[in-house]
Amino acid sequence: MAIIIDGKKISTEIKDELKEKVASLNKDITLCVIQVGSDPASTIYVNNKKKACEYIGIKSLSYELPNETTEEELIGLVEELNNQPNVNGILVQLPLPKHINEDKIIQTIAPHKDVDGFHPENVGRLSIGQKGFVSCTPAGIVQLLKRYNIPIEGKECVVVGRSNIVGKPIAMLMLRENATVTVCHSRTKDLKEITKRADILIVAIGKPKFITKEYVKEGAVVIDVGIHRNEDNKLCGDVDFDDVIEKVSAITPVPGGVGPMTIAMLMHNCVESGIA
Ligand SMILES: Nc1nc2c(c(=O)[nH]1)N[C@@H](CN(C=O)c1ccc(C(=O)N[C@@H](CCC(=O)O)C(=O)O)cc1)CN2
């Protein structure tokens, strides 16, 4: 019988631990949350982040900017917040409207306030094993594995997807945890042959129900990072959950797996920034 990894439960555990930690600090922690435009999914995520802040005792300042905001205006706001000593974390919700260069904005955030862990300095620190903010979804995946006592060291880990936000940083983190890591992507040949080697298969490929039982080794742990909404408003991941469930030893569901961990780990980074 496969273990269904409960990300909602673990994220609540983490938020409760952080709430206790914040209560014991005699210090305000402030996160600035910037949203440009009104993408409905982004609005939900931003609201959930603000709710999480409130629950833990972190002050959140909200900046809701119109879709027409220029790149220069957004850079101006980020620079202003970089210079405010009371601000511990700055988060720009992605995706940004097409006319704004996301890389440019991320690079404007001061690395010590980059609680998303997206700044090249933090990405570089992760890749050479130095302390810095780690991107929240990958950090959440490692927490899930550890809190379910799933061994990582010495395991064959295959990552499907090479995005800057998930694929590359999770590969770095699993390496740091002494797994043997292979990264696959849309141009990988014989993908099935490689994924079938995985003790831990992490999928962030952005294609609904792409991974079926033919891609999975008997007894593998499968981590699904995808989120897709179908015509009936139902969510599914990159993994065909019903197809692989009989074959795996543990799996994250969608919803309720990796997703909630993203916000829990953002809160973790905010508290770390507040303590530093
Ligand atoms: N600045 C950032 N932008 C984006 C990030 C990010 O980490 N930083 N990640 C995603 C969106 N995201 C957080 O911002 C996020 C996505 C999904 C979830 C989540 O809890 N998903 C639920 C399902 C929710 C639903 O009903 O849609 C789940 O999987 O159970 C939280 C946060 C892109 N942008």
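Each residue is numbered by its place in its chain's sequence as written, counting from 1. Reporting in this predicted model follows two pLDDT cut-offs: at least 70 for local features of residues, and 80 or more for side-chain atom pairs to be given and counted; totals over whole chains, interfaces and linings ignore these cut-offs and use all residues.

The name given to the chain in an unreviewed UniProt entry is Bifunctional protein FolD, with Herbinix luporum as the source organism. Under the Subunit (unreviewed entry) heading, UniProt states for the chain: "Homodimer." UniProt positions are given in the numbering used here, feature names are shortened, and annotations may be inferred rather than shown by experiment. Recorded in UniProt under Function (unreviewed entry), the annotation for the chain is "Catalyzes the oxidation of 5,10-methylenetetrahydrofolate to 5,10-methenyltetrahydrofolate and then the hydrolysis of 5,10-methenyltetrahydrofolate to 10-formyltetrahydrofolate."

Residues of type Ala, Val, Leu, Ile, Met, Phe, Trp, Tyr and Cys that are buried and joined through C-beta atoms within 7 Å form what is called a nonpolar core. Neighbour density around each residue's C-beta defines its exposure: 20 or more other C-beta atoms within 10 Å make it buried, 12 or fewer make it exposed, and counts between make it partly exposed, where C-beta atoms are placed from the backbone. Counting 81 residues, the largest nonpolar core has Ile202, Val203, Val222 and Met267 as its most contacted members. Top element by residues in this core is helix H10 (residues 259–275). It accounts for eight residues. Domain segmentation is taken from an automatic or database assignment of domains. Two domains share this core, each providing at least three of its residues, namely domain 1 (27–110) and domain 2 (136–259). Placing C-beta atoms from the backbone, we regard two residues as in contact once those atoms come within 7 Å. In this structure, valine 222 is in contact with Leu201, Val216, Val239, Val244, Val248 and Ile251, ignoring residues within four places of it in sequence. Numbering of helices and strands runs from the N terminus, with a helix taken as a DSSP run of H or I at least four residues long and a strand as a DSSP run of E at least two residues long.

On to unusual backbone geometry, then. With omega at 5°, the peptide bond leading from leucine 94 into proline 95 counts as cis. Of note, proline 95 is situated in the loop between strand S4 (89–92) and helix H4 (102–108). A cis geometry characterises the amide bond from valine 254 onward to proline 255, with omega recorded as 5°. Relative to the assigned elements, proline 255 resides in the loop between strand S11 (250–251) and H10. Backbone geometry at lysine 209 places phi at a positive 50°, although glycine is not the residue there. With respect to the helices and strands, the residue lysine 209 is situated in the loop between strand S7 (200–203) and strand S8 (221–224). Positive phi, normally seen in glycine, also occurs at asparagine 233, with a value near 70°. By secondary structure assignment, the location of asparagine 233 is in the loop between strand S9 (228–229) and strand S10 (235–236). Judged by the 6 C-beta atoms lying within 10 Å of it, asparagine 233 is exposed.

For the rest of this paragraph, the subject is the site of the ligand. The environment of the ligand is made up of 17 residues, and the closest members are Tyr45, Leu94, Pro255, Gly259 and Thr262. If you list the elements that add at least two residues to the shell around the ligand, you get S4, helix H6 (136–147) and H10. Ranked by residues supplied to the shell around the ligand, first place goes to H10 with four residues. For the shell around the ligand, a count of residues per class yields eleven nonpolar, five polar and one charged. Among the domains, domain 1 (27–110) and domain 2 (136–259) are the pair contributing at least three residues each to the shell around the ligand. Each residue receives a C-beta atom placed from its backbone. It is near a molecule or strand if this atom lies within 6 Å of it. Gly is put with the polar residues, along with every residue not named as nonpolar or charged; the nonpolar set is Ala, Val, Leu, Ile, Met, Phe, Trp, Tyr, Cys and Pro, and the charged set is Asp, Glu, Lys and Arg.

Axis definition: a line fitted to C-alpha atoms, over the contacting stretch in the case of helices. Angles run 0 to 180 degrees between N-to-C directions. Where helix H2 (residues 40–56) contacts H10, the two axes come as close as 10 Å, and the packing angle between them is 50°. Put simply, H2 runs oblique to H10. For the element pair H2 and H10, the recorded crossing hand is right-handed. Listed contacts from H10 to Asn48, Lys49, Ala52 and Ile56 of H2 are Ile263, Leu266 and Met267. For the contact of H2 with H10, the class distribution of residues is five nonpolar, one polar and one charged. Throughout this description, any angle smaller than 35 degrees is read as roughly parallel, any larger than 145 degrees as roughly antiparallel, any in the 65 to 115 degree range as roughly perpendicular, and the remainder as oblique. For a crossing to be left-handed, the near helix must be turned anticlockwise from the far one by less than a right angle; the clockwise case is right-handed.

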